[in-house]
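In case you want the letters, here they are:
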Amino acid sequence: MKHIIVVGNGMVGYKFCEKFVEKAASKDFKITVFGEEPRPAYDRVHLSEFFENQDAKALEMAPLEWYTEHGIDLIVGERVSDIHRSKKTITTVTDREFSYDYLVLATGSSAFVPPIKGVEKEGVFVYRTIEDLEGMLAYAAKIKANNPNAKAAVLGGGLLGLEAGKAVMDMGLEPHIVEFASKLMPRQLDLRSSQVLQLKLESIGLNIHLSKATNQILGDKAITGLEFGEDDVLDVDMLVISAGIRPRDELGKTCGLEMGVRGGIVVDNKMQTSDENIYAIGEIALYNQMIYGLVAPGYDMAGVAVDQILGDSDSLMPDDIDMSTKLKLIGVDVASFGEPFMPAAKGHSIIFENKTQYLYKRINVSLDGKSLLGGILVGDATDYNMLHQIYLNGMAIPEDASQLILPASEGGASFGSVLDLPDTAQVCSCESVSKGDICCSITDGESHNLSDIVAKTKATSGCGGCKPMVVDLVNETLKSLGKEVKETICEHFNFSRQELYDLIKINRVADYDEALNLFGEGHGCEVCKPLLASIFATITMETANRQPTIQDTNDRFLANIQRNGTYSVVPRVAGGEITPDQLIVIGEVAKKYDLYTKITGGQRIDLFGAQIHELPLIWKELIDAGFESGHAYGKSLRTVKSCVGSTWCRYGMHESVTFAIEIENRYRGLRSPHKLKGGVSGCIRECAEARGKDFGLIAVDGGWNLYVCGNGGATPKHAILLAEQLDDETAVKYLDRFLMYYIRTAGPLVRTAPWLDKLEGGIEYLKKVVIEDSLGIAEDLEQEMQGLVNKYECEWKEAIENPEMMKRFKHFVNSDDTDDNLVFVPMRGQKMPKAWV
Amino acid sequence: MQDILSQYETVTENAVKEWFKVGLTSDFPENSGACIKYKTKQIAVYNFARTGKWYACQNLCPHKMEMVLSLGMIGDKEGVPKVACPMHKKNFSLEDGSNLAGEDLKIATYPVKIKDGNVYIGFSD
Ligand code: SRM
Ligand SMILES: Cc1cc2nc3c(=O)[nH]c(=O)nc-3n(C[C@H](O)[C@H](O)[C@H](O)COP(=O)(O)OP(=O)(O)OC[C@H]3O[C@@H](n4cnc5c(N)ncnc54)[C@H](O)[C@@H]3O)c2cc1C
Ligand code: SF4
Ligand code: FES
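Every value quoted in this text rests on a predicted model; they were computed, and no experiment measured them.

Re the overall build of chain A
Moving on, step 1. Within chain A, the secondary structure is distributed over 26 helices and 38 strands.
Moving on, step 2. By residue count, 52% of the 837 residues in chain A fall in the buried class.
Moving on, step 3. In chain A, the proportion of contacts linking residues at least 24 apart, taken out of those at least 6 apart, comes to 62%.
Moving on, step 4. Roughly 37000 Å² of accessible area belongs to chain A as shown, and the carbon and sulfur atoms make up 49% of that amount.

Thoughts on the side chain of Ser496 of chain A
Moving on, step 1. Take Ser496 of chain A: it is sitting in the loop between helix 13 (467-480) and helix 14 (497-506).
Moving on, step 2. Every residue in contact with Ser496 of chain A, bar those within four places of it in the chain, is listed here: Glu487 and Ile489 of chain A.

A look at the pairing of strand 33 (residues 676-681) of chain A
Residue and element names in this part refer to chain A.
Moving on, step 1. The buried fraction of strand 33 is high, at five of six residues.
Moving on, step 2. Across four bridges, strand 32 (residues 637-642) lies against strand 33 in parallel orientation. Paired with Leu637 across the strands is Leu676, a residue of strand 33.
Moving on, step 3. What joins strand 32 to strand 33 is helix 20 (residues 656-667), and the crossover it makes is left-handed.
Moving on, step 4. The pairing of strand 33 with strand 34 (residues 695-700) spans four bridges and is classified as parallel. What sits directly across from Ser681, in strand 34, is Ile698.

A closer look at helix 6 (residues 159-170) of chain A
Residues and elements named next belong to chain A.
Moving on, step 1. Spanning twelve residues, helix 6 covers 17 Å between terminal C-alpha atoms, matching the ideal 16 Å at 1.5 Å per step.
Moving on, step 2. Burial runs high along helix 6: nine of the twelve residues are buried.
Moving on, step 3. Considered for burial, the residues of helix 6 that qualify are Gly161, Leu162, Glu163, Ala164, Gly165, Lys166, Ala167, Val168 and Met169.
Moving on, step 4. The first or second residue beyond helix 6 is Gly172, which carries a positive phi of 90°.

Side note on the site of ligand 3
Moving on, step 1. All residues adjacent to ligand 3 are Cys643, Gly645, Cys649, Tyr651, Gly652, Gly682, Cys683, Arg685, Glu686 and Cys687 of chain A.
Moving on, step 2. Across the shell around ligand 3, the residue classes tally to five nonpolar, three polar and two charged.

Regarding the interface of chain B and chain A
Moving on, step 1. With 43 residues of chain B at the interface, the matching set in chain A holds 40 residues.
Moving on, step 2. The largest share of the area that chain B buries against chain A comes from Lys37, Arg50 and Met73 of chain B, three residues that together contribute 23% of it.
Moving on, step 3. The residue Asp817 of chain A makes a salt bridge to Lys37 of chain B at a minimum N-O spacing of 2.9 Å.
Moving on, step 4. Where the side of chain B that touches chain A is concerned, the elements lending two or more residues are strand 1 (18-24), strand 2 (32-38), strand 6 (66-67), strand 7 (73-77) and strand 8 (80-84) of chain B.
Moving on, step 5. Of the residues assigned to the side of chain B that touches chain A, the class counts are 18 nonpolar, 13 polar and twelve charged.

Overview of the sheet that holds strand 5 (residues 89-92) of chain A
All names here are of chain A.
Moving on, step 1. Strand order in the open sheet made by the three strands is 4-5-6, with antiparallel pairing throughout. Two strands close off the open sheet at either side, each with one partner strand: strand 4 (80-84) and strand 6 (97-99). The sheet shows a mean angle of 25° between the axes of neighbouring strands, direction not considered.
Moving on, step 2. Where strand 5 and strand 6 come together, three bridges link them in antiparallel fashion. Among the inter-strand pairings, Thr91 is bridged to a residue of strand 6, identified as Glu97.

A closer look at empty space enclosed by the protein
Rolled over the atoms, a probe sized like a water molecule indicates the empty space that remains.
Residue and element names in this part refer to chain A.
Moving on, step 1. Taken as a whole, this structure holds three cavities of 30 Å³ or more when the rule is applied.
Moving on, step 2. Reported here for the largest cavity is a volume of approximately 150 Å³.
Moving on, step 3. If you trace the largest cavity, you find 17 residues lining it, with Gly565, Tyr567, Ile612, His811 and Asp819 closest to the centre.
Moving on, step 4. Residue composition of the lining of the largest cavity, grouped by class: seven nonpolar, nine polar and one charged.

What to know about the nonpolar core
Moving on, step 1. Counting residues in each nonpolar core, the largest one holds 106 residues, and the members touching the most others are Leu532, Tyr667, Phe738, Trp755, Leu766 and Trp796 of chain A together with Tyr46 of chain B.
Moving on, step 2. Tallying contributions element by element places helix 21 (residues 728-745) of chain A first for this core, with ten residues.
Moving on, step 3. Each of domain 5 (497-556) and domain 6 (560-790) of chain A contributes no fewer than three residues to this core.
Moving on, step 4. When sequence neighbours within four positions are dropped, the list of residues in contact with Leu532 of chain A reads Phe493, Leu500, Ile504, Tyr512 and Ala515 of chain A.
Moving on, step 5. With 92 residues, the next largest nonpolar core counts Phe352, Leu377, Leu387 and Leu473 of chain A among its residues.

Cut-offs used in this document
Residues numbered from 1 in each chain as written. Chains lettered and ligands numbered in written order. Predicted model: local features only at pLDDT ≥ 70, side-chain atom pairs only at ≥ 80, totals over all residues. Heavy atoms only, no water. Helix = DSSP H or I, 4+ residues; strand = E, 2+ residues; numbered from the N terminus. Buried < 20%, exposed > 50% of the residue type's maximum accessible area, 1.4 Å probe, protein only. Contact = heavy atoms within 4.5 Å. Areas by Shrake-Rupley, 256 points an atom, 1.4 Å probe, with all protein chains shown as cover. Pairing = 2+ DSSP bridges. Right-handed = clockwise from strand over helix to strand, strands pointing away. Expected span 1.5 Å × (residues − 1). Near = heavy atom within 4 Å. Nonpolar A, V, L, I, M, F, W, Y, C, P; charged D, E, K, R; others polar. Buried area = accessible area lost by both parts, 1.4 Å probe. Salt bridge = Lys/Arg side-chain N within 4 Å of Asp/Glu carboxyl O. Axes fitted to C-alpha atoms, helices over the stretch in contact; angles between N-to-C directions. 1 Å grid on protein atoms, 1.4 Å probe; cavity = no way out; pocket = protein on both sides within 12 Å on 5 of 7 lines; lining within 4 Å. Points joined across faces, edges and corners; volume = space filled by probe spheres on them. Core = buried A, V, L, I, M, F, W, Y, C linked by side-chain atoms within 4.5 Å. Domains from an automatic or database assignment.

Remember that the coordinates give geometry; whether it matters functionally is a separate question.
Here it is, written out as structure tokens:
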């Protein structure tokens, strides 16, 4: 039996083990892995997710048991300190010695810390391990406690630096990015795209400082600032260094392996070092005189090393390694592929730029106009996967190559179907899954849907960037086999939301149980229950009180459940208009029940921290004072925001508040596939942000312009113009039709913007349905909406007046005690739940 | 925090020392959950009216240590009765308390007995 020692249990070291156990009969080999970090390998690529939940386990590549189950000895928390090549042994820091037949070095790299005066100061961090992040979190909390406006700088404006910038921003620090070069992401972007990206990042609150060389880090014990030149100082309370990586090649140096001039252990295309029994893979390996700081090449290297050790000498690392990248910063799309910058002698560039929308797209096309050589996308990278594939596979491009990047409204055409890709096209580069692997698995009948494919091939489980393409491939292949691709709700109902809507309506189904008996199987789940609840609400305008147990927890208790299991109370404040007396009532109720109060982003007031048994008492007082439910908990109409409009504003064209109140009251309580928000602005200055809403009205000369299908949130979209210069009555008529059509046809939890994206024919089609009544259903839609409007009642009022309904607002069935696990801590004169452990 | 969690351990039917009466069957909503108190413990009790079965487990979600599982929606995954935590929708089997996505989270379960219209939960302490 041969003994393989793997040094380093990072992403690539782990991948080596995984590929090994997939291929080898383990009885011929014994693997021992040493890892310096205190835990088994984790997904460094998604390290930033640790800030969201501090859940180290969720990042694990595989749990400890996985190694044991596969006969691998994993020794964590122990660094290998020496290699003795003549004896074929290694020693560790605790002076234990182990002998090997093959040694695989996967020691990765560490963050490069430039030799700046003062880097040793407190508050200076690098961004590489979970421990680094824990340190940053603790330090950020400390400095924020002293100074709520604390600032943090990130040294380095590359891919990782920007990710770190977003992370410090999410920690509540004022973020500053300091870059030595004159542009951001210097390796991936040209100057113009960097400028567009800079505008976009500044618009979300990142401060960017380019062409800045840091001379020293200021401060006594802890950092207080960065000094760039005389009189050029940036005050900061924390610094994250992200200035590149350095391979962890100490072991190679001391045992005399061939090294690169600037570090890294030299390997050939078999991943062998200058010692044939020693392999090096991942960010430690210097291949083609390059260190590849990405996982995909590292995973390929792991595969080659496994094959070579198992005797498959044909398995070699390719010469060209694709370095295309896509930034995963939430809300900012940036990608570059192939040759992003190209000398004019080699080809032509086509550039599309729109700074007002932070858009920049560049493609580089060969001189003969036939092939794509590379490109850059900023602001919208939806075409990245397809362009990347065209580039990788040398596919033909349209005669007018600009069609590849122009927006559809400018004559751009969506190009090519995923099925046109060659079978060898690598779709998921992290896991090396080709188009052929995916399609064959479906045509062979081995896989039937996306989750089968993910389970079989691991596609999408790495960086996740290929997901849209994998989904398309699965759907298109199923379609080509004549299989209907239906977005069924869950395992209990083999129907789409729209089909169920029709089934329930036509068959006059009375409740969830009957629907399950008639059209479903099993006993339901947290997906189909609230979905059917929403359908029942639209068809019969029943409130959440009639079938409380199929409601999502929020709707069941008519309140939003909070971090610590308490609830929030949000009374409706239509249009944001509120009287002093109403404010006093809210204040008094909040005081009496010791609730945290905050003005929401929806122009109303949220009272947080109520216990379940207090909810009815609080609502009784609010209802007596004339308030009603704000449905802040429901997938339903939330708010219609307004600006002050022509009654007070010197620019106002119409009475935006009056109209906002009318609309909010019209649609209050209306349940829908996802939440609905509206806005009404008194002029084009748009202070109510109506175009950031599912429906928005903006006053213009001669009436209202109606915009639809916008939202803020995770994927912001501006609403699109549906109709112009409408009078009040027509605006409401079109709104009725639009909303009802959306409610009837959208998928579960699909907001209006993604619904419109998928609607065949897009906005032009929607205009036909709503304005020209091309489907002949307009009258129907209006009547249905009017029926719902007429039946509205406040569900909180209904609940507190009905003793049977009140029973559910109690913590224990068998005791009047309340939850004694709740712990609040004081905050700025109010309270908040104690932090999670 | 760990202390709160450590008081919950699965009790099997033959280890029951006390069948604790927690109320009438009609006190528990059909096809849904409710919470009861036993000494310092909070226990979620589920009434699967469709199958006539009852289940009980700790009310504490091991993910973020919140007392919320009784408020979660119930149903089944491929026949296994389950509850979805209302906070982040982690799914737990009510048969053996395991996390249905294969995560390393587990909840303690307790046996339930129905007699003469009363609901009893089995405890070993
Ligand atoms: C309270 C509030 C934040 C605040 O302090 O200002 C808030 C709080 C929550 N928002 Fe929000 N959102 C609030 C305004 C907004 C806004 C601003 C607005 O409405 O103008 C947005 C962006 C606009 C938009 O929706 O397009 C917003 C986008 C979201 C999203 C992302 C939606 C999306 O399509 O991407 C979610 C998640 C979701 O709904 O799935 C969300 C979800 C939530 C939830 C319900 C999360 C949850 O399920 O617990 C939070 C509930 C807090 C609670 O327990 O009460 N909240 N949320 C605001 C309540 C407004 C109100 O009066 O009802
Ligand atoms: C925040 C962040 C975001 C990233 N995002 C992306 C991305 O979007 N896409 C992408 O492709 N790549 C990304 N990367 C890069 C990617 O994580 C690395 O390419 C990958 O982790 C390299 O794997 P590795 O196994 O070679 O090195 P590592 O993951 O660094 O693993 C090496 C391990 O070896 C251990 N070790 C070192 N020396 C010894 C020794 N002597 N004895 C024992 N153990 C030792 C180290 O402690 C470490 O655990 C990102 C990196 C970071 C930090
Ligand atoms: S949108 Fe127009 S009416 Fe409203 S506040 Fe601004 S300027 Fe005034
Ligand atoms: S607290 Fe239960 S799933 Fe997160």
